[in-house]
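Summary of the model geometry
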Amino acid sequence: MADRTFRRLMPVFALSDLGDGMTVVAVAWLALELVPDGGQGAPAGIAVAAYVLPGALGALVLGRWMRRLSARRLLVTDSTLRAVLLGAVPFAHMAGLLTPAVYVGLLGASSLLHAWGKAGKHALFAPLLLEDQRLAANSVISTSL
């Protein structure tokens, strides 16, 4: 926390990470609300998997293109994709279009770049910090995640 830029940005990232954690709970909760009584376990598990697993696929498959982007661009691209697609969930619900399949599709697409966004968060600080500060900064960022 000795670096001024890190000290200013870290609370914002921590708040975002808190939102990501709350989203995992909301994802499962909404999945339970979308299915009729009786078959609730599997849809909740599928929804949570759709929210998490495509990020690993995106990390593997999209590397060729994503490596070219700056840390800031990775973070902004991931955040924008997530905001648009997760923001589409309530609109789909209001329009009467939110089925379990649509929900899982939006969740999966929203998480496709998330591994790159997390990497961008770590890489964003690397050039700003002294070498002896990087390990501590990465520890704080990882703890927040």
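Everything discussed here concerns the structure shown above.
Predicted, not measured: the structure shown is a model, and the values here were computed from it.

What about the overall build of the chain?
What the chain contains, in helices and strands, is seven helices and zero strands. Mapped from its N terminus to its C terminus, the chain presents α and β elements in the order α-α-α-α-α-α-α. Counting only C-alpha atoms and orienting by the principal axes, one finds that the chain spans roughly 55 × 30 × 25 Å. Here the chain holds 145 residues, and 29% of them are scored as buried. Taking contacts inside the chain between residues at least 6 apart in sequence as the whole, the part at least 24 apart equals 79%. Here the chain has roughly 8,700 Å² of accessible surface; of this, 68% comes from carbon and sulfur atoms.

Some remarks on a nonpolar patch on the surface
On the surface, a cluster of nonpolar side chains totalling about 390 Å² of accessible area is made up of L57, L60, V61 and L112. Position of L60 relative to the elements: it lies in helix α2 (residues 41–61). The exposure class assigned to L60 is exposed, which follows from its relative accessible area of 72%.

A look at the packing of helix α1 (residues 4–34) against α2
Packing of α1 against α2 leaves a shortest axis separation of 8 Å and a crossing angle of 145°. Between α1 and α2 lies a crossing of right-handed hand. Between α1, through D20, T23, V24, V27, A28, A31 and L32, and α2, the contact on the second element is made entirely by P43, A44, A47, V48 and Y51. Class assignment of the residues belonging to the contact of α1 with α2 gives a composition of 10 nonpolar, one polar and one charged.

Description of the packing of aromatic side chains
For any pair of aromatic rings, the description rests on two quantities: the centre-to-centre distance and the angle between the ring planes. One pass over the full model with this rule turns up two aromatic pairs. The interplanar angle of 90° and the centroid separation of 5.7 Å between the aromatic rings of F13 and F125 together place this pair among those described as edge-to-face. Of this pair, F13 sits in helix α1 while F125 is found in helix α6 (residues 114–125), placing the two residues 112 residues apart along the sequence. Like F13, the residue F125 is buried in the burial classification. Each residue in the set F6, F13 and F125 is aromatic and connected to the rest through ring pairs, giving one cluster.

Describing the nonpolar core
Generally speaking, nonpolar side chains in soluble globular proteins are found buried as a group. Counting 13 residues, the largest nonpolar core has V27, A31, A47, V89, L98, Y103 and L107 as its most contacted members. Taken together, the elements giving at least two residues each to this core come down to α1, α2, α4 (71–94) and α5 (100–110). Dropping the residues within four chain positions of it, V27 is found in contact with A47, V48, Y51, Y103 and L107. Among the nonpolar cores identified, the runner-up in size contains eight residues, and M10, F125, A137 and I141 belong to it.

Topic: the environment of L128
Of note, L128 is situated in the loop between α6 and α7 (131–144). Residues L128 and F6, 122 residues apart in the sequence, show an inter-C-alpha distance of 8.1 Å.

Calculation criteria
Residues numbered from 1 in each chain as written. Predicted model: local features only at pLDDT ≥ 70, side-chain atom pairs only at ≥ 80, totals over all residues. Heavy atoms only, no water. Helix = DSSP H or I, 4+ residues; strand = E, 2+ residues; numbered from the N terminus. Buried < 20%, exposed > 50% of the residue type's maximum accessible area, 1.4 Å probe, protein only. Contact = heavy atoms within 4.5 Å. Areas by Shrake-Rupley, 256 points an atom, 1.4 Å probe, with all protein chains shown as cover. Patch = residues over 30% accessible without salt bridge, like charges linked within 9 Å, V, L, I, M, F, W, Y side chains within 5 Å. Salt bridge = Lys/Arg side-chain N within 4 Å of Asp/Glu carboxyl O. Axes fitted to C-alpha atoms, helices over the stretch in contact; angles between N-to-C directions. Left-handed = near helix turned anticlockwise from the far one by under 90°. Nonpolar A, V, L, I, M, F, W, Y, C, P; charged D, E, K, R; others polar. Phe/Tyr/Trp six-rings, centres within 6.5 Å; stacked < 30°, edge-to-face > 60°. Core = buried A, V, L, I, M, F, W, Y, C linked by side-chain atoms within 4.5 Å.

In short, shape yes, function no, at least from these values alone.
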